[in-house]
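# Coordinate inspection notes
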Amino acid sequence: MSEPIRVLVTGAAGQIAYSLLYSISKGDVFGKDQPITLLLLDIPPMLSILDGVVMELQDCALPLLRAIVATGNEEVAFKDLDIAILVGSMPRKEGMERKDLLKANAAIFESQGKALEKYAKKTVKVLVVGNPANTNCLIAMKFASSIPKENFSCLTRLDHNRARSQVAMRCGVPATYVKNVIIWGNHSSTQYPDVHHCLVKMSGNEVACFDAVKDEAWLKGDFITTVQQRGAAVIKSRKLSSAMSAAKAICDHMRDIWFGTPEGEFISMGVYSTGNPYKVPEDLIYSFPVQIKDKTWKIVEGLAVNDFSRAKMEATATELIEERDTAIAFLAK
Ligand code: NAD
Ligand code: LMR
């Protein structure tokens, strides 16, 4: 067995972490032969709750989990990291404007970017989940300038899985029979779930999604809004945001970074938009279709983009530019 890798989860006393930590610790993400040291960060008022999470992890008696460090101190949490999964962020409270949320989180991700820069390994892979995930990721990346920009990504895999599942349910096939959906842009209601390159296995053959579904109006209408609004729909129903499905998506995202994407398949993740083939504005963390090999992602090139898609890709880019500029203006003050 190899040496343990050091994996940080922030927001470790929260509800996503409660599902996520068990999956990571039992080998679902980094493999059944990879021992793990877990670093768990939360804010000081949550540390007594975090103690309970640590006790439960110990009580799982998981052979791969070699050590657990629970802390409220960034210097301890970010030390020598191989992996950083940044889940913790300031949630939107009643009466809070979007810009208030951006302001609070820009400060958190500035601090965590600096901690990555100072304490983590330069090879660390950083996944940002806490909302607004794309902009938080951009801020952390900007404050960790000696870590390659390619090492940063944000979670849009939950949206990707939602899109895949909606198509699968419509066609009456398992979700694994649906591949190559794309989430473009922001993890917000402006995201664009695109099925123009999606294939569905039907009676043993792979067919284009539009031919499998046979309902263009749905694919260009309710399908898109359902995926865009799914997070809000779960909150309305559960009075809490998605946690089990978010943890599953984090595992899918990280496992693909670690082991690569299957041959012929692409997945969606938010990555830095520099010199990309789809003319997405630069200097954003924007969700693209990517393939991953040797722990390195590459944007899938050569996919045709029609006018319908182009307009939606631009709308979500516009929102990301506004978020970025607002967050940076706060940090400059
Ligand atoms: P939660 O409120 O249950 O837990 C968040 C935890 O983060 C809390 O324990 C809180 O104390 C902690 N925290 C706050 N500031 C912190 C800081 N500076 N350092 C460390 N920890 C800190 O929330 P949750 O349901 O687990 O969701 C976490 C975040 O993930 C939210 O921002 C949510 O909107 C987001 N989310 C993103 C996606 C996605 O697909 N990108 C999906 C679901 C939820
Ligand atoms: C989700 O997509 O479920 C969450 O990002 C929603 C939220 O605002 O927490």
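Note that this is a predicted model, so its numbers are computed, not measured.

Thresholds, definitions, all that
Residues numbered from 1 in each chain as written. Chains lettered and ligands numbered in written order. Predicted model: local features only at pLDDT ≥ 70, side-chain atom pairs only at ≥ 80, totals over all residues. Heavy atoms only, no water. Near = heavy atom within 4 Å. Polar contact = N/O pair within 3.5 Å; in protein donor to acceptor, adjacent residues only side chain to side chain. Areas by Shrake-Rupley, 256 points an atom, 1.4 Å probe, with all protein chains shown as cover. Nonpolar A, V, L, I, M, F, W, Y, C, P; charged D, E, K, R; others polar. Bend = angle between axes of the 7 residues up to and from the residue. Helix = DSSP H or I, 4+ residues; strand = E, 2+ residues; numbered from the N terminus. Contact = heavy atoms within 4.5 Å. Core = buried A, V, L, I, M, F, W, Y, C linked by side-chain atoms within 4.5 Å. Buried < 20%, exposed > 50% of the residue type's maximum accessible area, 1.4 Å probe, protein only. Salt bridge = Lys/Arg side-chain N within 4 Å of Asp/Glu carboxyl O. pLDDT = per-residue confidence, 0-100. Pairing = 2+ DSSP bridges.

### Some points on the site of ligand 2
- The environment of ligand 2 is formed by Asn 131, Arg 162, His 187, Gly 231, Ile 235, Ser 241 and Ser 242.
- Between ligand 2 and Ser 241 there is a distance of 3.4 Å, counted from an oxygen atom to a side-chain nitrogen or oxygen.
- Contact with the protein chains removes 72% of the 270 Å² of surface that ligand 2 exposes when unbound.
- Of the residues contributing to the shell around ligand 2, the split by class is 1 nonpolar, 5 polar and 1 charged.

### Side note on helix α9 (residues 222-238)
- At Arg 230, α9 shows its largest bend, some 55°.
- Packed against the buried residues of α9 are α6 (157-171), β8 (182-184), β9 (192-194), α8 (216-220) and α11 (307-332).
- Downstream of α9 by a residue or two, Lys 239 has a phi angle that is positive, lying close to 60°.

### Details of the nonpolar core
- Among the nonpolar cores identified, the biggest contains 77 residues, and Phe 30 and Ile 85 are the most heavily contacted of them.
- With 8 residues, helix α10 (residues 244-259) is the single largest residue contributor to this core.
- Excluding residues that lie within four positions of it along the chain, Phe 30 makes contacts with Ile 5, Val 7, Ile 24, Ile 36, Ile 83, Met 254, Trp 258 and Phe 259.
- By size, the runner-up hydrophobic cluster in this structure holds 30 residues, among which are Leu 86, Met 141, Cys 154 and Ile 285.

### Focus: the pattern of salt bridges
- Here the structure, examined in full by the defined rule, presents 15 salt bridges.
- A salt bridge links Asp 215 to Arg 170, with the nearest nitrogen and oxygen atoms 2.8 Å apart. In this pair, Asp 215 is assigned in the loop between α7 (209-213) and α8 and Arg 170 in helix α6, connecting sequence segments 45 residues apart.
- On the accessibility criterion, Asp 215 (25% relative accessible area) is partly exposed.
- Linking Arg 324 and Asp 283 is a salt bridge whose minimum nitrogen-to-oxygen distance equals 3.9 Å. Residue Arg 324 is found in helix α11, and its partner Asp 283 is found in the loop between β12 (267-272) and β13 (285-293); the two are separated by 41 residues along the sequence.
- Classification of Arg 324 by relative accessible area gives buried; the value is 13%.

### A closer look at the confidence of the model for the protein
- For the protein, the average pLDDT comes to 96, and 100% of its residues sit at 70 or higher.
- Taken element by element, the protein is modelled with least confidence in helix α4 (residues 98-119), mean pLDDT 93, and with most confidence in β8, mean pLDDT 99.

### Overview of the sheet that holds strand β10 (residues 199-202)
- If you walk across this open sheet you meet the 3 strands as β7-β10-β11, and the pairing is antiparallel. Every other strand in the sheet has two partners, leaving β7 (178-179) and β11 (205-208) as the edge strands with one partner each.
- Here 2 bridges tie β7 to β10, and the two strands are oriented antiparallel to one another. By the bridge assignment, Lys 179 is partnered in β10 with Leu 199.

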